[in-house]
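Chain by chain, the residues run as shown.
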Amino acid sequence: MQQQKKGLSTFWNWGHKHIALLTPPPTDTTALEDRIEGFVQAHAEKGGVMVDRNLWLNNITSTLPNAFRPPNFTQDIKKIKDHLVKFPYITALFAAEYYIALMAKKAVKELGMRVPEDISIICFDSPPRRIGGDFHLTYLSQDQEKMGQKVFDLLLKLKSKEEQEETPKRLLLDASLVVGDSTAEVSSKKQNKLS
């Protein structure tokens, strides 16, 4: 939940008030449910910033198992474009997954807008940066090594059946914000349109 707070705080500090959450359907996926819950919780802790569930787009399906195919990407890009047309005051997109962020970037471009000048995008996780002039998304990076060590430690505790020490059902680890090329302050031009 701290991860979403970091990403949203960045958006809020840069003047973004209309932030869309882009996710697959949250069915029995703990990580996704945690990300959505964290998004809501970050708004609650902020105070004065309401969660606008109308801005959520939670039917991105092409990143689901057995759906990761080009025709599905095209459909999801269209969904994102339609959403941005329906809510033209959106200034930022918070993508629950890296590939959703890539589709969002393409949707913004196909609408004749630019990232980050017109729409900022943050996502979870990202492949390592490549050297060169490639565009890099701003993302929340989870410490994969620390996560693996925690899981390993838990498995050892379960195996040794240490009854004195209760094993946690969930572990939450902090993430760091890696600022890339996909985020910026809300432009004064966009701000004037929204006022």
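Residues numbered from 1 in each chain as written. Predicted model: local features only at pLDDT ≥ 70, side-chain atom pairs only at ≥ 80, totals over all residues. Heavy atoms only, no water.

Caption draft 1: The overall build of the protein chain, seen in detail. Looking only at helices and strands, the protein chain has six helices and five strands in total. Order of helices (α) and strands (β) in the protein chain, N terminus to C terminus: α-β-α-α-β-α-β-β-α-β-α. Within the span of the protein chain, comprising 195 residues, buried residues form 37% of the whole. Taking the contacts inside the protein chain whose residues are at least 6 apart along the sequence as the reference set, 74% of them involve residues at least 24 apart. (Helix = DSSP H or I, 4+ residues; strand = E, 2+ residues; numbered from the N terminus. Buried < 20%, exposed > 50% of the residue type's maximum accessible area, 1.4 Å probe, protein only. Contact = heavy atoms within 4.5 Å.)

Caption draft 2: Local environment of empty space enclosed by the protein. Summed over the entire model, instances satisfying the criterion amount to two cavities of 30 Å³ or more. Considering only enclosed or pocket space, the largest cavity measures out at about 60 Å³ in volume. Lining the largest cavity are Trp 12, Lys 17, His 18, Ile 19, Phe 39, His 43, Val 49, Met 50, Val 51, Asp 52, Leu 55 and Trp 56. Its residues placed into classes, the lining of the largest cavity shows eight nonpolar, two polar and two charged. (1 Å grid on protein atoms, 1.4 Å probe; cavity = no way out; pocket = protein on both sides within 12 Å on 5 of 7 lines; lining within 4 Å. Points joined across faces, edges and corners; volume = space filled by probe spheres on them. Nonpolar A, V, L, I, M, F, W, Y, C, P; charged D, E, K, R; others polar.)

Caption draft 3: Quick look at the pairing of strand E1 (residues 19-22). Here E1 shows two buried faces, one formed by Ile 19 and Leu 21 and the other by Ala 20 and Leu 22. Pairing between E1 and strand E2 (residues 92-95): four bridges, direction parallel. Each residue of the ladder has a partner; that of Leu 21, found in E2, is Phe 94. (Pairing = 2+ DSSP bridges.)

Caption draft 4: Summary view of the packing of helix H3 (residues 70-86) against helix H4 (residues 98-110). Where H3 meets H4, the axes come as close as 9 Å, and the angle between the chain directions of the two elements is 60 degrees. Classified by the angle their axes make, H3 and H4 are oblique. With respect to the hand of their crossing, H3 and H4 are arranged in right-handed fashion. Residues Phe 73, Asp 76, Ile 77, Ile 80, Lys 81 and Leu 84 of H3 form the contact with H4, whose own contacting residues are Ile 100, Met 103, Ala 104, Lys 106, Ala 107, Val 108 and Glu 110. Here the contact of H3 with H4 is composed, by residue class, of nine nonpolar, no polar and four charged. (Axes fitted to C-alpha atoms, helices over the stretch in contact; angles between N-to-C directions. Parallel < 35°, antiparallel > 145°, perpendicular 65-115°, else oblique. Left-handed = near helix turned anticlockwise from the far one by under 90°.)

Caption draft 5: Main features of a nonpolar patch on the surface. Taken together, the side chains of Phe 68, Tyr 99 and Leu 102 define a hydrophobic patch exposed on the protein surface, amounting to about 280 Å² of accessible area. Its location among the elements puts Phe 68 in the loop between helix H2 (30-46) and H3. (Patch = residues over 30% accessible without salt bridge, like charges linked within 9 Å, V, L, I, M, F, W, Y side chains within 5 Å. Areas by Shrake-Rupley, 256 points an atom, 1.4 Å probe, with all protein chains shown as cover. Salt bridge = Lys/Arg side-chain N within 4 Å of Asp/Glu carboxyl O.)

Caption draft 6: Looking closely at the nonpolar core. With 25 residues, the main nonpolar core has Ile 80, Ile 90, Leu 93 and Ile 121 as its most contacted residues. Among the elements of the structure, E1, H3, E2, H4 and strand E3 (120-124) are those that each provide at least two residues to this core. Tallying contributions element by element places H4 first for this core, with seven residues. With sequence-adjacent residues up to four places away left out, Leu 93 is seen in contact with Phe 11, Ala 20, Leu 22, Leu 84, Ala 104, Val 108, Ile 119, Ser 120, Ile 121 and Ile 122. The next biggest cluster of nonpolar side chains, apart from the first, holds 16 residues, and it includes Leu 32, Phe 94, Ile 122 and Leu 140. (Core = buried A, V, L, I, M, F, W, Y, C linked by side-chain atoms within 4.5 Å.)

Caption draft 7: Seen up close, H2. The first and last C-alpha atoms of H2 sit 24 Å apart over 17 residues, in line with the 24 Å expected at 1.5 Å per residue. Turning to H2, its buried residues number three or more, namely Leu 32, Asp 34, Arg 35, Ile 36, Gly 38, Phe 39, Ala 42 and His 43. Directly beyond the C-terminal end of H2, a positive phi value near 75 degrees is found at Gly 47. (Expected span 1.5 Å × (residues − 1).)

Caption draft 8: Geometry of H4. With 13 residues, H4 ought to run about 18 Å at 1.5 Å a step, and its terminal C-alpha atoms sit 19 Å apart, in line with that. Of all the positions in H4, only Tyr 98, Ile 100, Ala 101, Met 103, Ala 104, Ala 107 and Val 108 are classed as buried. Buried residues in H4 make contact with E1, H3, E2 and E3. Looking at the residues trailing H4, positive phi occurs at Gly 112, about 80 degrees.

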